[in-house]
Amino acid sequence: MLKLKDVHWDLPDGEELIKGVDLTISPGRLTVITGPNGGGKTTLAKLIAGLYMPTSGKIFLDDRDITDLGITERAKAGIAYAFQQPVRFKGLTVRQLLQIASGTEMKEFEMCHILEKVGLCAAEYMNRPLDTHLSGGESKRIEIATVLARNASVLIFDEPEAGIDLWSFSSLIDTFEKLKTEKSGALLIISHQERILNIADEIVLIAEGKIRAQGGRDEVLPTLNINGRGCGCPLGREVVNG
Amino acid sequence: MARENINETSLAMLKEITDWEGLFDGAYSVRQDGSCADMQSTATIKIVPKTDNPGIDIYIQAGKKKDIVYIPACVTKSGVDDVVYNDFHVQKDADVTIVAGCGVHTTDDEGARHNGIHRFFIEPGAHVLYKEKHIGSGAGKGLRVIDPVTDVVLGEGAVLEMDTQQLSGVDRTVRKTNAKLDKRAKLVIRESLLTDDDNVAETDFEVIMEGEDSSVDLISRSVAKGESRQNYHSHIIGNCRCTGHSECDAILVGNGKVNASPELFAGDLDAALIHEAAIGKIAGEQIIKLQTLGLTEQEAEEKIIEGFLTGVE
Ligand SMILES: Nc1ncnc2c1ncn2[C@@H]1O[C@H](COP(=O)(O)OP(=O)(O)OP(=O)(O)O)[C@@H](O)[C@H]1O
Ligand SMILES: [Mg+2]
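The model shown is predicted, which means the values in this text are computed figures rather than measured ones. (Residues numbered from 1 in each chain as written. Chains lettered and ligands numbered in written order. Predicted model: local features only at pLDDT ≥ 70, side-chain atom pairs only at ≥ 80, totals over all residues. Heavy atoms only, no water.)

A. Spotlight on the coordination of the magnesium ion (ligand 2). Within the protein, T42 of chain A (OG1) and Q84 of chain A (OE1) serve as the donor atoms for the magnesium ion (ligand 2), at 1.9 to 2.2 Å. Of the two residues, T42 of chain A sits in helix α1 (residues 41-49) while Q84 of chain A sits in the loop between β6 (79-82) and α3 (94-102), which places them 42 residues apart along the sequence. (Donors = N, O, S within 2.8 Å, 3.2 Å for Na, K, Ca; no water. Helix = DSSP H or I, 4+ residues; strand = E, 2+ residues; numbered from the N terminus.)

B. Molecular detail of the site of ligand 1. Residues and elements named next belong to chain A. The environment of ligand 1 is formed by 15 residues, the closest being G38, G40, K41, T42 and T43. Measuring from an oxygen atom of ligand 1, one finds a side-chain N or O atom of K41 at 2.8 Å. Considering every element that reaches the shell around ligand 1, the biggest residue donor is α1, with three residues. Split into classes, the residues belonging to the shell around ligand 1 amount to five nonpolar, eight polar and two charged. (Near = heavy atom within 4 Å. Polar contact = N/O pair within 3.5 Å; in protein donor to acceptor, adjacent residues only side chain to side chain. Nonpolar A, V, L, I, M, F, W, Y, C, P; charged D, E, K, R; others polar.)

C. How the structure looks around the domain arrangement of chain B. All names here are of chain B. Domain boundaries in chain B define domain 1 (3-283) and domain 2 (284-313). Between the C-alpha centres of domain 1 and domain 2 there is a distance of 27 Å. Between domain 1 and domain 2, the residue contacts involve 16 residues of the former and twelve residues of the latter. Both faces considered, domain 1 and domain 2 share a buried interface measuring about 1200 Å² in area, 75% of it formed by carbon and sulfur atoms. (Domains from an automatic or database assignment. Contact = heavy atoms within 4.5 Å. Buried area = accessible area lost by both parts, 1.4 Å probe.)

D. View of the packing of aromatic side chains. For the structure shown, the criterion picks out seven aromatic pairs over all chains. Grouping aromatic residues by their ring pairs yields a cluster made of F88, F120 and Y130 of chain B. (Phe/Tyr/Trp six-rings, centres within 6.5 Å; stacked < 30°, edge-to-face > 60°.)

E. How the structure looks around the sheet that holds β6 of chain A. All names here are of chain A. Strands sit in the order β6-β7-β8-β3-β9-β10 across an open sheet of six strands; the sheet is mixed. Looking at which strands have only one partner, the edges of the open sheet turn out to be β6 and β10 (210-216). Each neighbouring strand pair of the sheet contributes to a mean axis angle of 15°, computed without reference to strand direction. Two elements, strand β9 (residues 202-207) and β10, share six bridges in a ladder whose sense is antiparallel. Each residue of the ladder has a partner; that of I203, found in β10, is G215. Across the sheet, α1 lies against β3 (30-34), β6, β7 (154-158), β8 (186-190) and β9, angled at about 145° from β6, the strand it touches most. (Pairing = 2+ DSSP bridges. Axes fitted to C-alpha atoms, helices over the stretch in contact; angles between N-to-C directions.)

F. Representation of the interface of chain B and chain A within the structure. Contact with chain B, which involves 21 residues of that partner, is made by 22 residues of chain A. The junction of chain B with chain A conceals about 1800 Å² of combined surface from both sides, 64% of it contributed by carbon and sulfur atoms. Of all residues in chain B, K289, T292 and L293 of chain B give up the largest surface area on contact with chain A, accounting jointly for 34% of the area buried on that side. The shortest N-O distance in the salt bridge between K289 of chain B and E143 of chain A comes to 2.6 Å. The tally of links between chain B and chain A comes to six residue pairs in polar contact (both at pLDDT 80 or more). Those elements that place two or more of their residues in the side of chain B that touches chain A are α2 (284-292) and α3 (297-310) of chain B. Here the element with the most residues in the side of chain B that touches chain A is α2 of chain B; it accounts for seven residues. Of the residues that constitute the side of chain B that touches chain A, the class distribution is six nonpolar, seven polar and eight charged. (Salt bridge = Lys/Arg side-chain N within 4 Å of Asp/Glu carboxyl O.)

Next comes the structure, spelled out in structure tokens:
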């Protein structure tokens, strides 16, 4: 269980980007964060993974206060984060990255299994370097695979759909649904995709650094007005829900 | 092989530089402290000691597929300054892997040096994979020096792939590689270089493409740590329709310094030459990514460097 209590984050120049977020991510459930571009979703994920340190507020993992832990310690505590924009490496291969992610000597078939979940053929990709020769969708899928390879209790995926083709996207949805049932971890996906919203247990709407709406899928989804005409922008509409 | 001639220091270094598993299969010549410790020819690879200079001539038979020869050299004590001339005569259509490599070990304040001058005469259609690893070891304060010279003449359609690696512990090195390419000849060089402490490394390539449709691909990756310095120079000369690509990538750690000066000369309208160079510290986001996978900052740095140096392809 991951808990954020009144988390704020300011830029060095004092501008407040995250304006007091209270959030609970429960194990065995899929929470989807959505909201307009620039609303603060990635920033929130980075605060959870320790890439940014909150200006104020607290973060708890299973009742342990992890607010002051750095990136490495949070990773070791069980937080895994798939970046919105995967990092490229000159030299490191898919195999090496998966080994690092799993933290143990991974068997060949285990790696195949993980790559299969993101729709990649292990034989073809295992020894590829993670450099700029990989396509956008390929590197995105490998990014997702690194999080699947970890034995984490909180799994965060930042726009996993970005750049993924239609065919692979369906199997990715399957993977997320399986993750929910197979593992007891808490799943947090940041997404703009209706198909991902449709498999959510909880939906959280974030805009301008604040939670605008929060609740069960059936409750929140209809209020998002994603199919509505005109200005469906959720800004300014403070929907308070629990 | 004559194990009794090979001392413990050499054995340890041979493991590092040739993945030696206790025995060389096929042709080999092991040089130790300035003389030949052991050698063996086969039906298809003849190794003949030179009479005028220290060194050997290696004759690799025409048309023979998938042959291999090992010619490592070790300097195992201070005060040795070994110069050796090795000539490779690779005959038409041969396909051979040559495993060279060199270790220098110091035992006191005097230096230890190996200066291997390797010439390759590669006849038309032959394919050579040349692998060399360099390493320095020993507690002696004397400088560990390796100065390799590689001179290559590639005949029509011949191919040389050269994998050259400086692993660690080499205080000073001047690495010179020259190559001349005939029609459709192809040269691929993958260099990886690690310097630390107050090591100084100089590396210099000159490749001349004289024959139509010849090509060179030169990739150099290096890491300069500690107070070490590196100087990279490459000169690719295209005098005909040909393609040349060079890429020099360096990572700085601590106070390491790198000077890279790539040079291209196109002497023909159809010479297509490209150079890419990048020098800088490890990208912060790379370290952060590996930290989110549970590595400490230092472990992340080590993994990135290891991948960078071994992942030259
Ligand atoms: N380190 C930073 N320095 C300056 N501005 C930042 C920083 N990090 C985030 N921001 C700003 O904070 C705002 C929120 O960014 P964030 O990346 O969290 O948005 P997002 O909700 O993930 O958007 P998207 O849907 O486009 O991915 C943006 O205006 C962004 O420019
Ligand atoms: Mg984002």
